[in-house]
Amino acid sequence: MSDSKIIEVVAGALMRPDGSFMLGSRPEGKPYAGYWEFPGGKVEPGESGEQALARELYEEMGIEMEAATPWLSKVHHYEHASVRLRFFRVWSWRGEPQPREGQRFAWQTPGACTVQPMLPANGPILKSLELPAAYAISCAHEIGVDAQLRRLEQGPAWGMVQIREPQMTRVELADFVAKAAAIVHGRGGKLLVNADPAWAAEWPVDGVHLNAARLEAIARRPDFAWVGASAHDAAQVARIGELGLDYALLGHVAATASHPGAAPLGWDGFRRCLTDGASAPVYALGGMSLDDLDAARRHGAHGVALMRGAWR
């Protein structure tokens, strides 16, 4: 189907500081009436995505959008139409949502939605909202195994942690993963390992992270609840989306000790890699700190990934 037959649509996830988000029911008289979705609608000729979303939110619920950032872009084929959905996260607005079209609204918690039925396109979007804003990568090869485990236990409770220790043997990595999993799971987080998925199948992990070589080599998504991959350019970001992976780590954005002498992407280069919006959430990687979160979101990122910055 050609792009000329695809309807351009925007949708907004209204976000509260606690991570909860709003869904609305589709009004009577529209396809999928009664199904739950993110508020939004068609982009009119001459409108940007942000302008279309601001207009739709005002028309549908009487609120004035103050701050929103680009997030995801997905094409979905319904029986009645094919749509390109551009999702934004809306961080602030003026006014209280009003059901101007007879719809219902419900605040939802990531991973624990209570409303049904859900519009078919929204399954992956809801899963993406379970991802934390900051993603930590282990650094035991620099700070030592004991120090790494101590910081996992006593430092911030990271929502998602990747074990990346390529210098370890399979036996060493299995032992380290088991110890790290007990800590991360005990603090409510998810643990992924950057290793051969065949190894990880036997380990107490929530998923795997694929380096660029493994991403290139696989033909389909590994069978884990959570799968992400590293990307360095737009083609790799696109492949991560085509394989249905859950997120990408894209970098390096800034200069980092891991890539001495290699030119960083910078924020403009990062944004160019997302073209019209990635179909999987993308974390900004490389020289990042929590202070970079707002800039990352403005440039289309889901959040920031930290290695050395997570354990200082």
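You'll find the structure just up there.
My aim in this report is to walk through the structure given alongside it, one point at a time. (Residues numbered from 1 in each chain as written. Predicted model: local features only at pLDDT ≥ 70, side-chain atom pairs only at ≥ 80, totals over all residues. Heavy atoms only, no water.)

**A word on the overall build of the protein**
Across its full length, the protein holds 11 helices and 15 strands. Taken against the 2.2 N^0.38 rule, which gives 20 Å for 312 residues, the C-alpha radius of gyration of the protein at 20 Å falls within 12% of a compact globule. Seen through its C-alpha atoms, the protein measures out along the principal axes to roughly 60 × 40 × 35 Å. Counting only residues that meet the buried cut, the protein has 49% of its 312 residues in that class. Just so you have it, the protein exposes about 14400 Å², and 50% of that area is on carbon and sulfur atoms. Here the protein holds 31 positive side-chain charges and 36 negative ones, and the gap between their average locations is 1 Å. (Helix = DSSP H or I, 4+ residues; strand = E, 2+ residues; numbered from the N terminus. Rg over C-alpha atoms; globule rule 2.2 N^0.38 Å. Buried < 20%, exposed > 50% of the residue type's maximum accessible area, 1.4 Å probe, protein only. Areas by Shrake-Rupley, 256 points an atom, 1.4 Å probe, with all protein chains shown as cover. Lys, Arg positive; Asp, Glu negative; His and termini not counted. Charge placed at Lys NZ, Arg CZ, Asp CG, Glu CD.)

**Brief notes about the sheet that holds strand β6 (residues 82-94)**
Taken together, the 4 strands give an open sheet; going across it, the order is β4-β1-β6-β5, and neighbouring strands pair in mixed fashion. Lying at the two open borders of the sheet, with one neighbouring strand each, are β4 (40-42) and β5 (64-77). Taking each pair of neighbouring strands and ignoring which way they run, the sheet shows an average axis angle of 20 degrees. Of the strand pairs in this sheet, strand β1 (residues 6-14) and β6 are connected by 9 bridges, and their pairing is parallel. By the bridge assignment for β6, A11 is matched with F87. (Pairing = 2+ DSSP bridges. Axes fitted to C-alpha atoms, helices over the stretch in contact; angles between N-to-C directions.)

**Structural notes on the packing of aromatic side chains**
Tallied over the full model, the rule gives 11 aromatic pairs. Measuring from ring centre to ring centre gives 6.3 Å for W93 and W107, while their planes differ by 20 degrees; the resulting arrangement is stacked. Here W93 is found in strand β6, whereas its partner W107 is found in strand β7 (residues 105-108), with 14 residues between them in sequence. The class for W107 is partly exposed, based on a relative accessible area of 27%. (Phe/Tyr/Trp six-rings, centres within 6.5 Å; stacked < 30°, edge-to-face > 60°.)

**Considering the side chain of D246**
Here D246 shows up in the loop between α8 (234-242) and β13 (247-251). Only 2.8 Å separates the side chain of D246 from the side chain of R221, close enough to count as a polar contact. Beyond its immediate sequence surroundings of up to four residues, D246 is in contact with K127, L131, R221, A225, W226, V227, A280 and P281. (Polar contact = N/O pair within 3.5 Å; in protein donor to acceptor, adjacent residues only side chain to side chain. Contact = heavy atoms within 4.5 Å.)

**Some remarks on the sheet that holds strand β3 (residues 36-37)**
What the 3 strands build is an open sheet, ordered β3-β2-β7; its pairing is antiparallel. Both edges of this open sheet fall to β3 and β7, since each of them pairs with a single strand only. In this sheet, β7 lies alongside strand β2 (residues 21-25) in antiparallel orientation, the contact comprising 4 bridges. Bridge pairing in β7 links F21 to Q108.

**Quick notes on helix α9 (residues 266-273)**
Within the span of α9, buried status applies to W267, G269, F270 and C273. With its buried residues spanning 160 degrees around the axis, α9 presents them on a single face. Among the exposed residues of α9, those pointing more than 90 degrees away from its buried face are D268 and R272. Of the surrounding secondary structure, the elements contacted by the buried residues of α9 are α8, β13, β14 (282-285) and α10 (293-298). T275 sits one or two positions beyond α9 and adopts a positive phi of about 40 degrees. (Arc of directions from axis to C-beta.)

**Some details on the nonpolar core**
Residues L191, V193 and F270 are the most contacted members of the largest nonpolar core, which totals 66 residues. Here this core takes 7 residues from helix α5 (residues 170-186), the largest share from any one element. Contacts of V193, omitting those with residues within four sequence positions, involve I163, L173, V177, A200, W203, V205, G207, V208 and H209. Membership of the second largest hydrophobic core comes to 22 residues, among which are W36, A106, V115 and I125. (Core = buried A, V, L, I, M, F, W, Y, C linked by side-chain atoms within 4.5 Å.)

**Topic: helix α1 (residues 49-61)**
Its 13 residues give α1 an end-to-end C-alpha distance of 18 Å, which sits within 8% of 18 Å, the value for a rise of 1.5 Å per residue. Of the positions making up α1, those classed as buried are G49, A52, L53, E56, L57, E60 and M61. Viewed end-on, α1 has its buried residues packed into an arc of 130 degrees, placing them on one side of the element. Against the buried residues of α1 lie β1, β2, β4, β5, β6 and β7. Phi turns positive one or two residues past the end of α1, at G62, with a value near 70 degrees. (Expected span 1.5 Å × (residues − 1).)

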